[in-house]
Amino acid sequence: MSNRGEQSLLKQSTILMFAVAIAGIVTGVVSGAQSILFDGFFSLIATAIKVLMLITAKLIAKKSNERFQFGYWHLEPMVLLIEGSFLLLIAIYAFLNGVFGIINGGREIELGLVILYAAVFTVVEFAYFFYVRYRNRTLKSSLIQFDNISWLVDAMLSVGLLISFLAALLLKSQGYGEWAVYVDPLILILLALSMLAPAFKILRPALREVLGIAPDHLDDKVREVMDAAQAKHGFDDYVSYVQKHGRARFIEIHVVLPADYPVDNVATLDGLREEISTGLGTPDAARWLTISFTGDRKWIA
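Sequence order as written defines residue numbering, which begins from 1 separately in each chain. At least 70 in pLDDT is required for a residue's local features to be given in this predicted model, at least 80 for side-chain atom pairs to be given and counted, and no such filter applies to totals for whole chains, interfaces and linings, which use all residues. To get the side-chain values, all heavy atoms of the structure are used, and hydrogens and water are removed first.

Per an unreviewed UniProt entry, the protein chain is named Cation diffusion facilitator family transporter, and its organism is Pseudomonas tritici. Quoted verbatim from the Sequence similarities (unreviewed entry) heading of the UniProt record, the comment on the protein chain is "Belongs to the cation diffusion facilitator (CDF) transporter (TC 2.A.4) family. FieF subfamily." UniProt positions are given in the numbering used here, feature names are shortened, and annotations may be inferred rather than shown by experiment.

Below, the structure is given as structure tokens:
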């Protein structure tokens, strides 16, 4: 993965999202539409998260140092956890705002302006979402993958706004203006509910990594490779530990060799390491693999 390409795309995404945020806030204030204002503030918070992602991407590109000897990989799930938490909080706020809007008798808004806003940004945001997804097929960045969720959410918000405001315009034209005032708070409630799934999609894996929960798929893969190696070479036993922080995978394997295992020289053990490493897949800069051999079980406890 090209970290430079990742940083460039994150910069571009941040600038464009900030422009969307300003447009939403200004349109929301002028039109009196709380749902548009909510969309603008969502985009503003998404911009702040993108700045954190950009900083994280730059840190990840740096080499480890004396203080951070395993690099900065652990920052990636922390940033994603912050993003998911903000999405969840925004959804809760929007839901309550919509409920109180209905209780207070709805809101009168300027439909012409908000319809234009929703139509323009529906096209812009969907176009950019698909563009970023296409670019990430080459970059293969988990930061960009989750960052792009904010564009999909924003695009879905714009679609919901457009459909709802067109419905409100139709109600007014048919003489049901007293019902049109409830469209804005209803949109807020629906948008809030629609944001729950993306929020949990980000939160769940990020929280697992921050808490240090071993990823099942990686653990299963290591055990599969080691079970095959144990059967082939007659190891007495082994223990393995796996951890994942963002794109970084940490794998630690300790193997107990029989007392009579033929070890002519260090190259014999290195050959076993190479075989196990190949079985685990192509090595890359984000994989930290440690394989040790011993004849005493106390060293694998």
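Back to the write-up after that little detour.
A.B. asks: Please clarify how the overall build of the protein chain should be interpreted in this entry.
C.D. replies: Scanning the protein chain for helices and strands turns up nine helices and three strands. Going along the chain from the N terminus, every DSSP run of H or I of four or more residues is numbered as a helix, and every run of E of two or more is numbered as a strand. In sequence order, the secondary structure elements of the protein chain are arranged as α-α-α-α-α-α-α-α-β-β-α-β. The C-alpha atoms of the protein chain give 26 Å as radius of gyration, which overshoots the globular expectation for 301 residues (19 Å, by more than 25%). Put simply, of all contacts in the protein chain between residues at least 6 apart along the chain, 74% involve residues at least 24 apart. Per-residue accessibility takes into account occlusion by the displayed protein chains alone, with areas from the Shrake-Rupley method and a 1.4 Å probe. Approximately 15,500 Å² of the protein chain is accessible, and the part contributed by carbon and sulfur atoms is 65%. Charged residues are defined here as Lys and Arg on the positive side and Asp and Glu on the negative side; His and the ends of the chain fall outside this count. A charge is said to be at NZ when it belongs to Lys, at CZ for Arg, at CG for Asp and at CD for Glu. On the protein chain, the mean spot of the 26 positive side-chain charges and the mean spot of the 28 negative ones are 5 Å from each other. Only the C-alpha atoms count toward the radius of gyration. The rule for a globule is 2.2 Å times the residue count to the power 0.38. By definition in these notes, contact holds between two residues if any of their heavy atoms fall within 4.5 Å.

A.B. asks: I tried to follow helix H5 (residues 142-173) on my own but got confused; where do I start?
C.D. replies: Each turn of an α-helix holds 3.6 residues, which means side chains three or four residues apart point in the same direction. Taking 1.5 Å per residue, 32 residues should reach 46 Å; H5 reaches 47 Å between its end C-alpha atoms and fits that length. In protein, a polar contact means a hydrogen-donor-capable atom and an acceptor-capable atom, both N or O and within 3.5 Å, with residues adjacent in sequence counting only if both atoms are side-chain atoms; elsewhere, any N or O pair within 3.5 Å suffices. Sitting at the amino-terminal end of H5 is Ser 141, which places a side-chain oxygen 3.1 Å from the backbone nitrogen of Ile 144. After H5 finishes, the residue Gly 175 shows a positive phi value of roughly 85°. By this rule the span expected of a helix is its residue count minus one, scaled by 1.5 Å.

A.B. asks: For this particular structure, what's the right way to read the sheet that holds strand E3 (residues 287-294)?
C.D. replies: In a beta sheet, neighbouring strands pair by backbone hydrogen bonds and run either parallel or antiparallel. Reading across from one edge, E1-E2-E3 is the order of the three strands in this open sheet, with mixed pairing throughout. The open sheet is flanked by strand E1 (237-245) and E3, the only strands paired with a single partner. The mean angle between the axes of side-by-side strands here comes to 10°, regardless of whether they run parallel or antiparallel. Pairs of strands are assigned from DSSP output, requiring at least two bridges between the strands. Across nine bridges, the pairing between E1 and strand E2 (residues 248-256) is antiparallel. Axis lines are fitted through C-alpha atoms, for helices just across the contact stretch, and the angle between N-to-C directions can take any value from 0 to 180 degrees.

A.B. asks: Quick question: what am I supposed to make of the environment of Ile 82 here?
C.D. replies: Here Ile 82 is to be found in helix H3 (residues 75-103). With 46 residues separating them along the chain, Ile 82 and Tyr 128 place their C-alpha atoms 23 Å apart. With residues up to four places along the chain from it excluded, the contact list for Ile 82 reads Ile 49 and Leu 52.

A.B. asks: I'm lost on empty space enclosed by the protein in this one. Help?
C.D. replies: The rolling of a water-molecule-sized probe over the atoms marks out the regions of remaining empty space. Of the grid points, spaced at 1 Å and generated over the protein atoms alone, those admitting a 1.4 Å probe that cannot get out make up cavities, while open sets with protein on both sides within 12 Å along at least five of seven lines make up pockets; any residue with an atom within 4 Å of a point is treated as lining. Grid points are joined across faces, edges and corners, and a volume is the space filled by probe spheres set on the points. Going through the model one piece at a time under the given rule, you end up with two cavities of 30 Å³ or more. Of the pockets and cavities examined, the largest cavity occupies roughly 60 Å³. Every residue along the wall of the largest cavity is listed here: Phe 42, Ile 45, Ala 46, Ile 49, Glu 83, Phe 86, Leu 87, Ile 90 and Ser 150. Of all the elements in the fold, those that place two or more residues in the lining of the largest cavity are helix H2 (34-61) and H3.

A.B. asks: Before we go on, may I ask you to explain helix H9 (residues 266-279) in this structure?
C.D. replies: Compared with an ideal rise of 1.5 Å per residue, which puts 14 residues at 20 Å, H9 spans 20 Å between its outermost C-alpha atoms and is within 8% of the ideal. For H9, every residue scored as buried is listed here: Leu 269, Leu 272, Ile 276 and Ser 277. All buried residues of H9 fall inside an arc of 135° around its axis, so they share one side. Exposed and facing more than 90 degrees away from the buried side of H9 are Ala 267, Glu 274 and Thr 278. On the buried face of H9, the contacting elements are helix H8 (216-233), E2 and E3. Directly beyond the C-terminal end of H9, a positive phi value near 115° is found at Gly 281. Buried means the residue's accessible area, taken with a 1.4 Å probe over protein chains only, is under 20% of the maximum for its type, while exposed means over 50%, and partly exposed covers the values in between. The directions from the helix axis to the C-beta atoms form the arc being described.

A.B. asks: It is not clear to me how the pairing of E3 should be interpreted in this structure. Could you clarify?
C.D. replies: Across a regular strand the side chains alternate sides, sitting on one face of the sheet and then on the other. Bridge analysis of E2 against E3 gives eight bridges, and the strand direction is parallel. By the bridge assignment, Val 255 is partnered in E3 with Phe 293. In this fold, the crossover linking E2 to E3 by way of H9 has right-handed handedness. With its strands directed away from the observer, a crossover is right-handed exactly when the path from the first strand over the helix to the second travels clockwise.

A.B. asks: Even after reading the chapter, I still don't get the layout of surface pockets, so can you show me in this structure?
C.D. replies: Approximately 740 Å³ is the volume attributed to the largest pocket. Forming the boundary of the largest pocket are 28 residues, of which Ser 142, Lys 244, Gly 246, Arg 247 and Arg 249 lie nearest the centre. Contributing elements (two or more residues each) for the lining of the largest pocket: H2, H5, helix H7 (183-211) and H8. Per element, the largest residue contribution to the lining of the largest pocket is six residues, and it comes from H7. Split into classes, the residues belonging to the lining of the largest pocket amount to 14 nonpolar, five polar and nine charged. Under the scheme applied here, ten amino acids are nonpolar (Ala, Val, Leu, Ile, Met, Phe, Trp, Tyr, Cys and Pro), four are charged (Asp, Glu, Lys and Arg), and all others, including Gly, are polar.

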